[in-house]
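# Examining the three-dimensional arrangement
Each chain, letter by letter, is given below.
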Amino acid sequence: MIFKTIITIIVAFVAIVILIPLILSAVGIDIISGRGGGAQSTELLFRSEDGGEHWSPATFVRERRDPLPAYINDIATHPIATTTLFAATKSAGLWKSEDAGATWRQVRDSAGILDPQSDIYRVVISRSRPDVMYVAAYQESRGKVFRSEDGGKSFHQIYFVGQQKYGIFDIYTPPTDADTVMVATGEGRLLISNDGGKRWRFSKVLRDPLARLAMHPWYGNEGYLMTSKGQVYKTYDTGGSWSDLGLLNRSLRRTSSRVIEHPYTRLSFTTLRPGTARAPVRDALVPDPHHGGVIYRTSNGSIFKSVNGGSSWQPLSTFIDGLGVPVGGVAVHPREPDTLMVTAGQAVYTSKDLGINWSIVPFSSRLPLREVYIHLDSPRIVFIATER
């Protein structure tokens, strides 16, 4: 009798501790690893509805066992349905919000072309044909470009790099031509297609990986290309030709004896894999849409400004420098010409006079604040990504 009782207790213990969690996990309620479905507010992404005065964490809604993003690489806004946004994430594919970024759900295309655990580095939406969007993804050990013609319901592949373990880090499509797309790859190639990705031509071929492609938001013929080693090239004819502006660290105007380090010395753009624990911090390169020739960039935790189209740079003098905290991101307000937003440490700084005076909003988060995204059509909505 005692033996049977012991056996019954053991069977009940196994059922409660092992079998029931496995059954719940199979249907999407993962109490083993804490990765089950449901809504989850995280400090991965902060959102403001009043231009940066007040902030709250965005909510990521997971179905079944969808992965939670490790990092937000990019945010794209729909030009007509302004409450619709897409987020490019590390390790969790593409996400979509239909309430101006308050809540997010993972995009599952009809044919399963996008890997739900892929790294998405850039997502761009055509302003002339908003149903057309391009996605730069790293999946199956190589960089790929996908195009959607139905607002993200389905995708088809239009380009992939020739070598494994090389990614695609930037994409651009002009606001007036949805079928023209420019792609910057880790193989050092800048490619252009004028027919939606059916045929491609080389615009620039370099030895070093291409890390940034920054076309001017209003002067569409003007753009900047940056390599992983900090070499910068400029075009005035939408990629038809490029002028070498030299290395960024060589073109800085020295205002002190401080050594200004290379902006990409700690990054490796040829060995990125999905699922790595930490997303690399990509320095910003931001053309000012209101003032011709003005560009901002971050490097080694500091912020710099050029007033001559990138030919030379000087540190942007702010009181942030004296705080001993690194700058994470910078953004120029799309409608207010003199307004800048900068993240540094656990605070966001706003200047209404191009950096002379600053206001500060501290965050309770312990995570470093990184990229700033200002909604192009509803600029009171602002997002800040964090580094986990």
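Everything here concerns the structure above.
All of the points below concern the structure found in this document. Throughout this document, residue positions are counted from 1 along each chain, in the order its sequence is written. With the structure being a predicted model, the display of local features is reserved for residues of pLDDT at least 70 and the display and counting of side-chain atom pairs for 80 or more, all residues being used for whole-chain, interface and lining totals. With hydrogens and water stripped out, all remaining heavy atoms of the structure feed into the side-chain values.

## With respect to the pairing of strand β17 (residues 231–235)
- A 1.4 Å probe rolled over the protein chains alone gives each residue an accessible area, and that area as a share of the maximum for its type sets the label: buried under 20%, exposed over 50%, partly exposed in between. Secondary structure elements are taken from DSSP: a helix is a run of H or I of four residues or more, a strand is a run of E of two residues or more, and numbering for both begins at the N terminus. A large share of β17 lies buried, amounting to five of its five residues.
- Examined bridge by bridge, strand β16 (residues 223–227) and β17 share four bridges and lie antiparallel to one another. Bridging from a neighbouring strand, Gly223 pairs with Thr235 of β17.
- Paired strands, in this sense, are two strands between which DSSP finds at least two bridges. In this antiparallel pair of consecutive strands, β16 and β17, the connection spans three residues, and Gly230 shows a positive phi of 95°.
- Judged from the four bridges that link them, β17 and strand β18 (residues 243–247) form a sheet pairing that is antiparallel. Its bridge partner lying in β18, Gln231 is registered against Leu247.

## As for the side chain of Asp119
- Topologically, Asp119 is positioned in strand β7 (residues 119–125).
- The buried category is assigned to Asp119, whose relative accessible area is 0%.
- Definition of a polar contact: a pair of N or O atoms within 3.5 Å, with one able to donate and the other able to accept a hydrogen when the atoms are protein atoms, and with sequence-neighbouring residues admitted only if both atoms are side-chain atoms. A distance of 2.7 Å separates a polar side-chain atom of Asp119 from the backbone nitrogen of Ser91.

## Concerning the packing of aromatic side chains
- Centre distance within 6.5 Å is the pairing criterion for rings of Phe, Tyr and Trp, where only the six-membered ring of Trp is used; planes under 30 degrees apart are then read as stacked, over 60 as edge-to-face, and the remainder as tilted. Under the definition given, this model contains seven aromatic pairs.
- Judged by centre distance (5.0 Å) and plane angle (90°), the rings of Phe46 and Phe363 are edge-to-face. Highlighted residues: Phe46 in strand β1 (residues 38–48) and Phe363 in the loop between β26 (359–362) and β27 (369–374), separated in sequence by 317 residues.
- Judged by centre distance (6.4 Å) and plane angle (15°), the rings of Phe60 and Trp104 are stacked. Of the two residues, Phe60 is situated in strand β2 (residues 56–62) and Trp104 in strand β6 (residues 103–106); the sequence distance between them amounts to 44 residues. Per residue, the accessibility class of Phe60 equals that of Trp104, and both read buried.

## Some points on the sheet that holds strand β23 (residues 327–332)
- In spatial order, the strands read β23-β24-β25-β26; together these four strands make up an open sheet with antiparallel pairing. Looking at which strands have only one partner, the edges of the open sheet turn out to be β23 and β26. Across the sheet, the mean angle separating the axes of adjacent strands is 20° when strand polarity is ignored.
- Pairing between β23 and strand β24 (residues 340–344): five bridges, direction antiparallel. Opposite Val330, over in β24, you have Val342 as the bridge partner. Axis lines are fitted to C-alpha atoms, over the contacting stretch for helices. Their N-to-C directions set the angle, which ranges from 0 to 180 degrees.

## Overview of unusual backbone geometry
- Backbone geometry at Glu140 places phi at a positive 55°, although glycine is not the residue there.
- Along the chain, the position of Glu140 falls in the loop between β8 (133–139) and β9 (142–148).
- A positive phi angle, near 70°, is found at Ser141, a position not held by glycine.

## Details of the nonpolar core
- Only buried residues count toward a nonpolar core, which is a set of Ala, Val, Leu, Ile, Met, Phe, Trp, Tyr and Cys residues joined through side-chain atoms within 4.5 Å. Leu45, Phe60, Ile72, Ile75, Trp95, Trp104 and Phe383 are the most contacted members of the largest nonpolar core, which has 17 residues in total.
- Among the secondary structure elements, those contributing two or more residues to this core are β1, β2, β3 (71–77), β4 (85–90) and β28 (382–386).
- Those residues in contact with Phe60 that sit more than four places away from it in its chain are Gly38, Ala39, Gln40, Thr42, Leu44, Leu45, Leu68, Pro69, Ile72, Trp95 and Trp104.
- Core analysis: the next-biggest nonpolar cluster, separate from the first, contains 15 residues, Ala284, Leu316, Tyr349 and Trp358 among them. Any two residues whose heavy atoms approach within 4.5 Å at even a single point are treated as in contact.

## Description of the side chain of Thr343
- Residue position: Thr343 is located in strand β24.
- Using a relative accessible area of 0% as the deciding quantity, one classes Thr343 as buried.
- At a separation of 3.4 Å, a polar atom in the side chain of Thr343 contacts the main-chain carbonyl oxygen of Leu369.
- When neighbours within four sequence positions are excluded, Thr343 is seen to be in contact with Pro326, Val327, Gly328, Gly329, Val348, Leu369, Arg370, Val372 and Ile384.

## Description of the sheet that holds strand β21 (residues 302–306)
- The strand order across the open sheet built from four strands is β19-β20-β21-β22, with neighbouring strands paired in antiparallel fashion. Each having just a single partner strand, β19 (285–287) and β22 (314–315) make up the two edges of the open sheet.

## Examining the layout of surface pockets
- Cavities and pockets are found on a 1 Å grid laid over the protein atoms alone: a cavity is a set of points where a 1.4 Å probe fits but cannot escape, a pocket is an open set with protein on both sides within 12 Å along at least five of seven lines, and a lining residue has an atom within 4 Å of such a point. Grid points are joined across faces, edges and corners, and a volume is the space filled by probe spheres set on the points. The computed volume of the largest pocket comes to approximately 1500 Å³.
- Forming the walls of the largest pocket are 46 residues, and the residues nearest its centre are Asp74, Ile75, Met215, Pro217 and Leu376.
- Residue assignment for the lining of the largest pocket shows that the elements contributing at least two residues are β3, β7, β11 (168–172), β15 (210–215), β19, β23 and β27.

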